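Close look at the chain arrangement
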Amino acid sequence: MAGVKITDLGTLTAPVAEDLLYIVDISDTSQSPQGTSKQIELGNIMSSGSYTATISGEVNGIVVAVNSATFIRVGNIATVSAQLGITLDTGEVTGAFEIELPAASNFTSEKQCFGLMQYSYNGVLSEIVGLTIGAETTNNTCKVDLETATANVTMAYCTIQFQYEII
């Protein structure tokens, strides 16, 4: 391929994670003072898709069902969106759970994961009155603690979005 201009190459219209990209690593000057030619898989730079998220660490009898979950990964940052059904136990207004990550991480701080959650039914947004989303550093999951206005509430259409660092 020596002497071929990049503008003369064909266009790839449907890349896959295993496709290789040509890069010049300027931190490695073993081939020249300007850098060393290397390859990297597209999947190591960015990826996206749906995944089957596992729920664990349920507290106070909370029941969580994952209806769908998707992610986008760019470099070492992943963004997750999931649609959940959540039911609190009889008499409970608080609960907690953990949601599995699509790409493993090794959290060292709760602040390496953060997010938002929304519940809306017939335009009512006021059911969630307390919410904390953060990294669970022992299990390397996303931990969600919530408080609701109504005991034993069933929130069938919750949307959670969180972002975390892949370490």
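Structural data are supplied above this passage.
All of these numbers come straight from a predicted model, not from anything done at the bench. Along each chain, numbering runs from 1 in the same order as the chain's sequence is written. This being a predicted model, a pLDDT of at least 70 is required before a residue's local features are given, and a value of 80 or more before pairs of side-chain atoms are given or counted; all residues contribute to the totals for chains, interfaces and linings. Computation of side-chain values: all heavy atoms of the structure, hydrogens and water removed.

Let's shift gears to the overall build of the chain. In terms of regular secondary structure, the chain is built from zero helices and 11 strands. Counting from the amino terminus, the chain carries its helices and strands in the arrangement β-β-β-β-β-β-β-β-β-β-β. The C-alpha radius of gyration computed for the chain amounts to 21 Å, which surpasses the reference 15 Å derived for 167 residues by more than 25%, pointing to a less compact arrangement than a globule. Considering only C-alpha atoms, the chain reaches an extent of 75 × 35 × 20 Å along its principal axes. By definition, any uninterrupted DSSP run of H or I lasting at least four residues is a helix, any uninterrupted run of E lasting at least two residues is a strand, and each is numbered from the N terminus. It is over C-alpha atoms that the radius of gyration is taken, and the globule rule equals 2.2 Å times the number of residues to the power 0.38.

Another aspect to go through is a nonpolar patch on the surface. A cluster of nonpolar side chains, contributed by L21, I23, I45, M46, I72 and V74, occupies part of the molecular surface with about 480 Å² of accessible area. Those elements that place two or more of their residues in the nonpolar patch are β1 (20-25) and β5 (63-74). Tracing the sequence through the fold places M46 in strand β3 (residues 46-50). Overall, the relative accessible area of 48% leaves M46 in the partly exposed class. Residues with no salt bridge and a relative accessible area higher than 30% make up the patches, which join like charges within 9 Å and nonpolar side chains (Val, Leu, Ile, Met, Phe, Trp, Tyr) within 5 Å. Note on areas: Shrake-Rupley with a 1.4 Å probe; residue coverage comes only from the protein chains shown. Here, a salt bridge means any side-chain nitrogen of Lys or Arg that lies within 4 Å of a carboxyl oxygen of Asp or Glu. Residue burial is assigned from relative accessible area. The probe radius is 1.4 Å, only protein chains are included, and a residue is buried under 20% of its type maximum, exposed over 50%, and partly exposed in between.

Looking now at the sheet that holds strand β11 (residues 154-165). In short, DSSP must find at least two bridges between two strands for them to pair. Taken in spatial order, the five strands line up as β3-β5-β6-β11-β8 in an open sheet, and their pairing is antiparallel. Whereas interior strands pair on both sides, the edge strands pair on one side only; in this sheet they are β3 and β8 (113-119). Each adjacent strand pair in this sheet contributes to an overall mean axis angle of 20°, direction not counted. Sheet topology places β5 next to strand β6 (residues 77-87); 11 bridges connect them, and they run antiparallel. Pairing of S68 across the sheet is with Q83, part of β6. The angle between two axes is taken between their N-to-C directions and runs from 0 to 180 degrees, where each axis is a line fitted to C-alpha atoms and a helix contributes only its stretch in contact.

With antiparallel pairing, four strands are arranged side by side in an open sheet as β4-β7-β10-β9. Edge strands, defined here as strands with exactly one partner in the open sheet, are β4 (55-59) and β9 (128-136). The average angle at which neighbouring strand axes cross in this sheet is 15°, direction not considered. As defined by bridge partners, β9 adjoins strand β10 (residues 141-148) across eight bridges and the pair is classed as antiparallel. Looking at the pairing, A135 lines up with C142 of β10.

So, about the pattern of salt bridges. Summed over the entire model, instances satisfying the criterion amount to two salt bridges. A salt bridge links K38 to D25; its shortest N-O distance comes to 2.9 Å. A residue pair is termed long-range when its members are at least 10 positions apart, and K38 in strand β2 (residues 36-41) and D25 in strand β1 qualify at 13 residues. Taking the relative accessible area as the measure of exposure, D25 reaches 19% and is therefore buried. For K38, a relative accessible area of 33% translates into the label partly exposed. Via salt bridges that share partners, D25, D28 and K38 belong to a single interconnected network.

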